[in-house]
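One letter stands for each residue in the lines below.
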Amino acid sequence: SSSGSGLGVEGGDVTLLSSKVHDCRNHGLVFLGPTARGAVRGCELAKNKLNGVLLRDGASPAIEGSRLVNNGAYGASLIDCRGSLAAGNEIRGNGKGGVSGECDDGDDAAV
């Protein structure tokens, strides 16, 4: 996407499987708000200008078995969220680091 984030979820239950989200002008994936739920499994979030994934404001997806690599800011930015960043994710080569913040519940940042 050259216009912003690859996928934005502001409400609903969305599952993304075995997909590549890359080269976005902003974030790869964004889950915002308490009704943004779902899962990201077996995906690659790479080379996005900002974060590979941004979870904030009560969002609660599970990120599992995915690659968050070579993004401009963090692999994952977690701000006041309830999701989980489970073991089995590959998080490396991001401009500011692997993970910023943590979610209120779940298994945060097992790299």
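The model shown is predicted, which means the values in this text are computed figures rather than measured ones.

1. Considering the environment of Cys 24
- Counting through the fold element by element, Cys 24 comes out in the loop between β3 (20-22) and β4 (29-32).
- Residue Cys 24 is classed as buried on the basis of its relative accessible area, which comes to 3%.
- Sequence-wise, Cys 24 and Leu 7 are 17 residues apart; in three dimensions their C-alpha atoms are separated by 9.6 Å.

2. So, the sheet that holds strand β10 (residues 74-79)
- Sheet architecture is open: five strands sit in the order β1-β4-β7-β10-β13, paired in parallel fashion. Every other strand in the sheet has two partners, leaving β1 (7-9) and β13 (97-101) as the edge strands with one partner each. Looking at each pair of strands side by side, their axes are set apart by 5° on average, direction ignored.
- Direction of pairing for β4 relative to strand β7 (residues 53-56): parallel, over a ladder of four bridges. What sits directly across from Leu 32, in β7, is Arg 56.

3. A word on the confidence of the model for the chain
- Residues of the chain with pLDDT of at least 70 account for 91%, and the chain-wide mean is 91.
- Confidence drops under pLDDT 50 across residues 107-111; counting only partners more than four residues distant or on other chains, this segment forms 14 contacts.

4. Thoughts on the state of the cysteines
- Tallied over the entire structure, the rule returns one disulfide.
- Note on cysteine connectivity: Cys 81 is disulfide-linked to Cys 103, with sulfurs 2.0 Å apart. Disulfide Cys 81-Cys 103: torsion about the S-S bond near -85°, hence left-handed. Of this pair, Cys 81 sits in the loop between β10 and β11 (84-85) while Cys 103 sits in the segment after β13; the two residues are 22 residues apart in sequence, bridging distant segments of the chain.
- Free cysteine: Cys 24, not disulfide-bonded; nearest cysteine sulfur from Cys 43 at 13 Å.

Rules used in this analysis
Numbering of residues starts from 1 in each chain and follows the order in which that chain's sequence is written. Per-residue local features of the predicted model are confined to residues with pLDDT of at least 70, and side-chain atom pairs are confined, for both listing and counting, to 80 or more; whole-chain, interface and lining totals are unaffected and use all residues. Side-chain calculation: all heavy atoms of the structure are included, whereas hydrogens and water are not. The numbering of helices and of strands both runs from the N terminus, where a helix is a DSSP run of H or I of at least 4 residues and a strand a run of E of at least 2. For every residue, the accessible area (1.4 Å probe, protein chains only) is compared with the maximum for its type, and the residue is labelled buried under 20%, exposed over 50%, or partly exposed between those bounds. Two strands form a pair only when DSSP identifies at least two bridges running between them. Every angle, taken between N-to-C directions, lies between 0 and 180 degrees, and every axis is a line fitted to C-alpha atoms, over only the stretch in contact when it is a helix. On a range of 0 to 100, pLDDT expresses the predictor's confidence in each residue. For this analysis, residues touch if any pair of their heavy atoms sits within 4.5 Å. Counting rule for disulfides: a pair of cysteine sulfur atoms within 2.5 Å.

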